Amino acid sequence: MNALLNGFESNEATFKALTKLQPGRAVALNTDGTVFYPFTKDFTGIVTSCKDNVASVVMKGYAVASFNSTIPTVGICKLSPVSSGYMEVDETNGKAYTVVGVDISNKTIEFIL
């Protein structure tokens, strides 16, 4: 990537987590205000850190997420989470995001929420 976007329009919030969550994974907000790996294609944000079941979640702006299937492309790419919190390319049901970087060896994508 030829630009540094760390912190670009970034909004983070802290939530109680139902379990230990891994950084870079998508999470959804539960009705009781806790976050968990989503069971549907809807998600709240991407975990940046989690300690003692308290998770920091980026909800808007620059995010780094893990992927485990098809390699996303830089540019506009349709993505959605799977139940383990990984993001995946989903041309049918995904939401369009601007992907600004892909790290194939670490299986991470940089994108704007």
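For the structure, check the block above.
Every chain is numbered independently, its residues counted from 1 as its sequence is written. Thresholds applied to this predicted model are a pLDDT of at least 70 for local features of residues and 80 or more for the giving and counting of side-chain atom pairs; totals over whole chains, interfaces and linings are not thresholded and use all residues. The basis for the side-chain values is all heavy atoms of the structure; hydrogens and waters are excluded.

Numbering goes from the N terminus for both helices and strands, where a helix is a DSSP run of H or I of at least four residues and a strand is a run of E of at least two. Broken down by element type, the protein carries zero helices and ten strands. Each helix (α) and strand (β) of the protein, taken in turn from the N terminus, gives the series β-β-β-β-β-β-β-β-β-β. For 113 residues, the compact-globule estimate of 2.2 N^0.38 gives 13 Å, and the protein sits close to it at 13 Å. Projected onto its principal axes, the C-alpha coordinates of the protein cover approximately 35 × 30 × 25 Å. Evaluated residue by residue, the protein yields a buried proportion of 43% over its 113 residues. Entry remark: accessible area of the protein is about 6100 Å², with carbon and sulfur atoms responsible for 52%. With 9 positive and 10 negative side-chain charges, the protein shows a spacing of 4 Å between the two charge centroids. Taken over C-alpha atoms, the radius of gyration is set against a globule rule of 2.2 Å times the number of residues to the power 0.38. The classification of residues rests on relative accessible area computed with a 1.4 Å probe and restricted to protein chains. Under 20% of the type maximum is buried, over 50% is exposed, and intermediate values are partly exposed. The Shrake-Rupley method, run with a 1.4 Å probe sphere, supplies the accessible areas, and residue values consider only the shown protein chains as cover. Under the convention used here, Asp and Glu are negative, Lys and Arg are positive, and both His and the chain ends fall outside the count. Charge placement uses NZ in Lys and CZ in Arg. For Asp and Glu, CG and CD serve respectively.

Looking now at the environment of Ser-10. Looking at the element boundaries, Ser-10 is found in the segment before strand E1 (11–16). Measuring from C-alpha to C-alpha, the distance between Ser-10 and Ala-63 comes to 7.9 Å, with 53 residues separating the pair along the chain. For this analysis, residues touch if any pair of their heavy atoms sits within 4.5 Å. With sequence-adjacent residues up to four places away left out, Ser-10 is seen in contact with Val-58, Lys-60, Gly-61 and Tyr-62.

Let's shift gears to the pairing of strand E10 (residues 108–112). The element E10 is largely enclosed, with a buried count of five among its five residues. Because side chains alternate across E10, one face comprises the buried residues Thr-108, Glu-110 and Ile-112, and the other comprises Ile-109 and Phe-111, equally buried. Paired strands are those between which DSSP finds at least two bridges. Of the strand pairs in this sheet, strand E6 (residues 62–66) and E10 are connected by five bridges, and their pairing is antiparallel. Within the sheet, the bridge partner assigned to Ala-65 lies in E10 and is Ile-109. Hairpin remark: strand E9 (residues 95–103) followed by E10, antiparallel, with four residues in the connecting loop; positive phi at Lys-107, about 55°.

Only rings of Phe, Tyr and Trp enter the pairing, Trp through its six-membered ring, and a pair is recorded when the two centres are within 6.5 Å. The plane angle decides the type: under 30 degrees is stacked, over 60 is edge-to-face, the rest tilted. Within the structure shown, the criterion is met by two aromatic pairs. Summarising the aromatic geometry, the rings of Phe-43 and Tyr-97 are spaced 6.3 Å apart at their centres and angled 50° between planes, so their arrangement reads as tilted. Within this pair, whereas Phe-43 is found in the loop between strand E3 (35–36) and strand E4 (45–51), its partner Tyr-97 is found in strand E9, the two being separated by 54 residues in sequence. Accessibility assignment for this pair places Phe-43 and Tyr-97 in one class, buried. Aromatic side chains Tyr-97 and Phe-111 sit 5.3 Å apart centroid to centroid with 75° between the ring planes, which places their arrangement in the edge-to-face category. A residue pair is termed long-range when its members are at least 10 positions apart, and Tyr-97 in strand E9 and Phe-111 in strand E10 qualify at 14 residues. Tyr-97 sits in the buried class, given a relative accessible area of 7%. The buried category is assigned to Phe-111, whose relative accessible area is 0%. By way of ring pairs, the aromatic residues Phe-43, Tyr-97 and Phe-111 are connected into one cluster.

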